[in-house]
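# Summary of structural features
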Amino acid sequence: MEIAKTKDSELMEKIVSLCKRRGFVYPSSEIYGGFAGVYDFGPMGVELENNLKAHWWKWMVHKRQDIVGLDSCIFMNPKIWEASGHTKGFSDPLAECKNCNTRIRVDKVLEEIGVKADEKMSEEEINRLFDENKNKIKCPKCGKQNFTKARKFNLLVKSNLGDFTEAGTAPSYLRGETCQGIYVNVKNVLDSGHMKLPFGIAQIGKAFRNEIAPRQFLFRTREFEQMEMQYLTKPDQEMIEYEKLREYRFKAIVSLGLKEENLKWHKHDNLVFYAKEAYDIEYNYPWGFDEMEGVHARGTYDLTQHSKGSGQELTYQDPETNEKFIPHIIESSIGVGRLFLAVMCDAYTEDVMNEETRVYLKFKPSIAPVKVAVFPLLKNKPELVSKAKHIFEVLNEEIYPIVFDDNGNVGKRYRRQDEIGTPFCVTVDFDTIEKDDTVTVRDRDSGKQERVAVKELVNYLKSKLA
Ligand code: GAP
């Protein structure tokens, strides 16, 4: 996996290694030599991922009477991608090293040397900038400075779904973004519910892009998940709602426990012709601030395009004034992988405990993959093991997920739970059995232990985890 060499690449390497070691993220298809640009989430990763998605859904659907959920398909009529402009305009400029055939994304390479370029530039414009700066650009693999011309490469991933012709002439696409499934269901949602403007439709789902240069672990992958919300407004309300959405999304991100100093807004200078305003929430990844979420004011572009493409009227009639118009759209869009990586980077902590360096993930308890671990002090004492198992069963009715662990000594178990970010470890010892029916509860961050009565344990842990 490629990791840019920066002063913090060591941190990134530690996080990638922890992700593999503790079952958060595995490289895809590893036993077959891997598969570039895709990753699998392991037992801890899937819990964390689900917690992040549940948090988003809570903030974007359950807490809001004006937003409803949707789950549209990955495959859609290919005409959708023509109408949206993706079959023509959704491309990145690619050049190849003539010496070692390494491919580079020219706009990103130009950006790295301080030359403003973006994916919306024409092939000629990009090649002009590329030519002017060729002496400053080296192949990241062999270091030579001999590249082909930049060529625009479409990012949509094609499939042969439903195409039974020999020549394979009618590709369908794996969706490149989830929001198109929202736009084409606006009419259905309006017809089947009682939504009045302004209202939003939210969706979480997979998206696929033929990224030329997948990079930085989960940051840019070829298969990823998006959490997108499209909010429909009256024309004169678009920018008022946009400001409200920006504020709301920032609050939602902060409520995950991310440090505010690692977050900032970035305003887009080059807007696409239909956009009114575009901001990204950037996170301070180990290589510096980079896009985590986009919050964009898109005007009527999306619904106008789908109205033209489908021949269906996608207007809204104001029930009070009877005025008909195409709703304006503001969107928030964040990749689960980018949020996951930000949360891992933010939580990763090293300190010294008992004269040893310790690594722990300082997750907010609500997103920690495991909430509580229960141990018997010694695994070869049946009375300790059976009491610990009993406590585990009782807790497991009330708090989840929790784990029972009797592998290795207690010190090793603490280290293991620290590395997956478990907020509390409960240990059953001889005092539990012989003295006062209390257990020790160890706090992940301070390492301090408190004795808590077994009969108080559920309430004690619930209040600490809340
Ligand atoms: N509907 C708008 C849209 O898709 P985008 O900026 O292309 O806009 C939105 O993507 C978000 O999706 C990004 O801010 C990022 O969090 C995530 N994302 C985009 N491409 C990605 C990739 N290749 N790998 C991981 N996440 C990606």
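Up top is the structure.
One structure accompanies this document, and this report is about it.

## What to know about the overall build of the protein chain
- The secondary structure content of the protein chain amounts to 15 helices and 23 strands.
- With respect to the three principal axes, the spread of C-alpha positions in the protein chain is 80 × 65 × 50 Å.
- Across the 466 residues of the protein chain, 52% fall into the buried class.

## A few points about the site of the ligand
- Around the ligand there are 20 residues in total, and Glu177, Arg209, Glu228, Glu291 and Met292 lie nearest to it.
- In this structure, an oxygen atom belonging to the ligand sits 2.5 Å away from a side-chain N or O atom of glutamate 291.
- Between the ligand and the protein, one listed contact pairs an oxygen atom with a backbone N or O atom of methionine 292 at 2.8 Å.
- Out of a free accessible area of 550 Å², the ligand has 90% covered by protein chains.
- Counting only elements with at least two residues in the shell around the ligand, the list comes to strand 10 (223-233), strand 13 (288-299) and strand 16 (328-335).
- Of the residues in the shell around the ligand, the class split is six nonpolar, five polar and nine charged.

## Considerations on the pattern of salt bridges
- Scanning the model with the defined rule gives 39 salt bridges in all.
- One salt bridge in this structure joins lysine 206 and glutamate 223, with 2.7 Å as the shortest N-O distance. Of this pair, lysine 206 sits in strand 9 (residues 199-208) while glutamate 223 sits in strand 10, placing them 17 residues apart in sequence.
- The exposure class of lysine 206 is partly exposed, given its relative accessible area of 33%.
- For glutamate 223, a relative accessible area of 31% translates into the label partly exposed.
- Linking aspartate 346 and lysine 259 is a salt bridge whose minimum nitrogen-to-oxygen distance equals 3.5 Å. Here the residue aspartate 346 occupies a position in helix 11 (residues 336-347), and lysine 259 occupies one in the loop between helix 9 (238-254) and strand 11 (263-267), the gap between them amounting to 87 residues.

## Re helix 10 (residues 301-310)
- Every buried residue of helix 10 is accounted for by Tyr301, Asp302, Leu303, Gln305, His306 and Ser307.
- One or two steps after helix 10, the chain reaches glycine 311, where phi turns positive at roughly 75 degrees.

## Observations concerning the sheet that holds strand 13
- One open sheet holds the seven strands; their spatial order is 3-9-10-16-13-12-11, and the pairing between them is mixed. Both outer strands of the open sheet, strand 3 (67-69) and strand 11, are each paired with one neighbouring strand and no more. Adjacent strand axes in the sheet meet at a mean angle of 25 degrees, parallel and antiparallel pairs treated alike.
- Helix-sheet contacts for helix 2 (residues 43-62) involve strand 3, strand 9, strand 10 and strand 16, and the interaxial angle to strand 9 is about 160 degrees.
- Contacting strand 10, strand 11, strand 12 (277-285), strand 13 and strand 16, helix 9 crosses the sheet at an angle of about 150 degrees to strand 13.

## Considering the pairing of strand 16
- The element strand 16 is extensively covered by neighbouring structure, given that eight of its eight residues are classed as buried.
- When strand 10 meets strand 16, the two strands line up antiparallel, connected through eight bridges. The residue bridging glutamine 226 from the neighbouring strand is glycine 335, located in strand 16.
- Pairing of strand 13 with strand 16, which is carried by six bridges, proceeds in the antiparallel orientation. Bridge pairing links glycine 294 to serine 333 in strand 16.

## Concerning empty space enclosed by the protein
- Summed over the entire model, instances satisfying the criterion amount to one cavity of 30 Å³ or more.
- Roughly 50 Å³ of internal volume is contained in the largest cavity.
- Lining the largest cavity we find Leu52, His55, Trp56, Met227, Arg249, Ala252, Ile253, Leu256 and Leu339.
- Contributing elements (two or more residues each) for the lining of the largest cavity: helix 2 and helix 9.
- Here the lining of the largest cavity is built from residues that sort into seven nonpolar, one polar and one charged.

Reading the values: the criteria
- Residues numbered from 1 in each chain as written.
- Predicted model: local features only at pLDDT ≥ 70, side-chain atom pairs only at ≥ 80, totals over all residues.
- Heavy atoms only, no water.
- Helix = DSSP H or I, 4+ residues; strand = E, 2+ residues; numbered from the N terminus.
- Buried < 20%, exposed > 50% of the residue type's maximum accessible area, 1.4 Å probe, protein only.
- Near = heavy atom within 4 Å.
- Polar contact = N/O pair within 3.5 Å; in protein donor to acceptor, adjacent residues only side chain to side chain.
- Areas by Shrake-Rupley, 256 points an atom, 1.4 Å probe, with all protein chains shown as cover.
- Nonpolar A, V, L, I, M, F, W, Y, C, P; charged D, E, K, R; others polar.
- Salt bridge = Lys/Arg side-chain N within 4 Å of Asp/Glu carboxyl O.
- Pairing = 2+ DSSP bridges.
- Axes fitted to C-alpha atoms, helices over the stretch in contact; angles between N-to-C directions.
- Contact = heavy atoms within 4.5 Å.
- 1 Å grid on protein atoms, 1.4 Å probe; cavity = no way out; pocket = protein on both sides within 12 Å on 5 of 7 lines; lining within 4 Å.
- Points joined across faces, edges and corners; volume = space filled by probe spheres on them.

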